[in-house]
Amino acid sequence: MEIGIATFITDEGIRPDVLAAAAEERGFSSLQIAEHSHIPVSRETPYPGGGELPHVYYRTLDPFVALTAAAGATSKLKLGTGVALLQQRDVIHTAKEVASLDLVSRGRFIFGVGVGWNREEMRNHGTDPRTRGALVDEQLAALKEIWAKDEADFHGEYVDFNPIYAWPKPVQKPHPPIYIGGAGEKVLQRIAKFGDGWLPHAHTPPEDLRQARQWLADQGRSDLKFSAFGASPDEEQLRGLVSGGVDEATLFLPTEPEAATLERLDRYAKVAENFRKGQQA
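Rules used throughout
Residues numbered from 1 in each chain as written. Predicted model: local features only at pLDDT ≥ 70, side-chain atom pairs only at ≥ 80, totals over all residues. Heavy atoms only, no water. Buried < 20%, exposed > 50% of the residue type's maximum accessible area, 1.4 Å probe, protein only. Helix = DSSP H or I, 4+ residues; strand = E, 2+ residues; numbered from the N terminus. Arc of directions from axis to C-beta. Contact = heavy atoms within 4.5 Å. Polar contact = N/O pair within 3.5 Å; in protein donor to acceptor, adjacent residues only side chain to side chain. Pairing = 2+ DSSP bridges. Right-handed = clockwise from strand over helix to strand, strands pointing away. Axes fitted to C-alpha atoms, helices over the stretch in contact; angles between N-to-C directions. Parallel < 35°, antiparallel > 145°, perpendicular 65-115°, else oblique. Left-handed = near helix turned anticlockwise from the far one by under 90°. Nonpolar A, V, L, I, M, F, W, Y, C, P; charged D, E, K, R; others polar.

S.K.: So what's going on with helix 8 (residues 235-243)? Residues and values would help.
M.R.: Residue pairs three or four apart in sequence face the same way in an α-helix, which turns once every 3.6 residues. Residues of helix 8 that are buried include every one of Leu 238, Gly 240 and Leu 241, and no others. Buried residues of helix 8 fall within an arc of 155 degrees about the axis and therefore sit on the same side. The inward-facing, buried residues of helix 8 abut strand 1 (2-7), helix 7 (206-218), strand 10 (225-231), strand 11 (248-253) and helix 9 (258-280). Between the side-chain oxygen of the N-cap and the backbone nitrogen of Glu 236 there are 3.2 Å, and the N-cap of helix 8 in question is Asp 234. Backbone geometry just after helix 8 places Gly 245 at a positive phi near 85 degrees.

S.K.: Give a detailed account of the pairing of strand 11, specifying residues and quantitative values.
M.R.: Across a regular strand the side chains alternate sides, sitting on one face of the sheet and then on the other. Across the six residues that make up strand 11, a large majority, five, are buried. Two elements, strand 1 and strand 11, share six bridges in a ladder whose sense is parallel. In the sheet register, Ala 6 faces strand 11, and the bridge partner there is Phe 252. Taken together, the three bridges between strand 10 and strand 11 define a ladder with parallel strand orientation. What sits directly across from Ala 228, in strand 11, is Ala 249. Between strand 10 and its parallel partner strand 11, the chain crosses via helix 8, and the hand of that crossover is right-handed.

S.K.: Lay out the packing of helix 8 against helix 9 with the relevant residues and their values.
M.R.: One way to put it is that helix 8 packs onto helix 9 with a least axis distance of 11 Å and a crossing angle of 50 degrees. Considering the angle they form, helix 8 stands oblique to helix 9. Here the hand of the crossing between helix 8 and helix 9 comes out right-handed. Contacts between helix 8 and helix 9 involve Glu 235, Leu 238, Arg 239 and Val 242 from the former and Val 271, Asn 274, Phe 275 and Gln 279 from the latter. For the contact of helix 8 with helix 9, the residue count by class is four nonpolar, two polar and two charged.

Listed below in C-alpha cells is the structure:
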C-alpha cells in the first residue's frame, strides 16, 4: 500500500509548491487537497465531523491553482483533488481545468470528486441539494464526452449543450483517473458507472471496504483503486486499511506554517518507512 498526503491548502499555511516538493522528496505517493469555494456565514448544515467547523474550511485556495504550483515543483508526485465539489462547478470550465492541469503536470493528475455536504454553500452556486447526485452523474458523463471528442455535445436534464470545441485534451487516456468520494449505496453505484477509484474515509471499517470491493467486482469493476483519505499516522490503522484491500492511504496533514509542516512531514515519513518495512517482513 502506498502512502500519500491529504491536506487543506490555505493562505495561512505552507505554500503548495513547497509542500509538494517536500512530500516528493520524502517519498510520498501523492498530494490530495480539499476544495471549498466559500463557507456561508449563516449555515444550518451540521459539520459532518461534529462540533465547530474547522477554520481551514474558510480559507482554502482554489485546488487547480494550488496543484498547478505543486506540479511545477515536482516531477513524480501524483496530484489530486480530495475532493472537487463538482456539483458547484461549471462543467465546461471544469473540463478545461482538469485537462490543463493534466497537461502541465505531464499526466500526474487524479480527479477526486464528491457531491458535498454543505447545503448552503451549494445553494449559493444555484445547485439544489436534493438533486445534486443526479447533477454530478450528468456532469461526469458530460466531462468524459468533452475529453474524448473533438466535437462534444451532451443533452441531459441538468447539463445540456450543443457540439463544442474544447481543448486541451488530457494527457492521460481516456482521461485522468476519476476517484469518487463518499459512502453508501448511491456512491458505489456512481463509482461503478463513472469511476476509476474510490476515496473512502480512512476510518471506514476494513470489513466495509472488503464488502464494497466485492460488490464492485460483482458489477464488473474489479479494476478500481481504493485510496483511503485522511488517515492518521498510526500503523494499526494503516494495517487495517491494508486488510481492507486499500491501494493507497493519504495521511491527514494539519494546515500549519512551513517550518511546522516540514517537521511533521519528517515524522510522517518515518511512520511510512516503518510501515513499509513491516509489510515487507
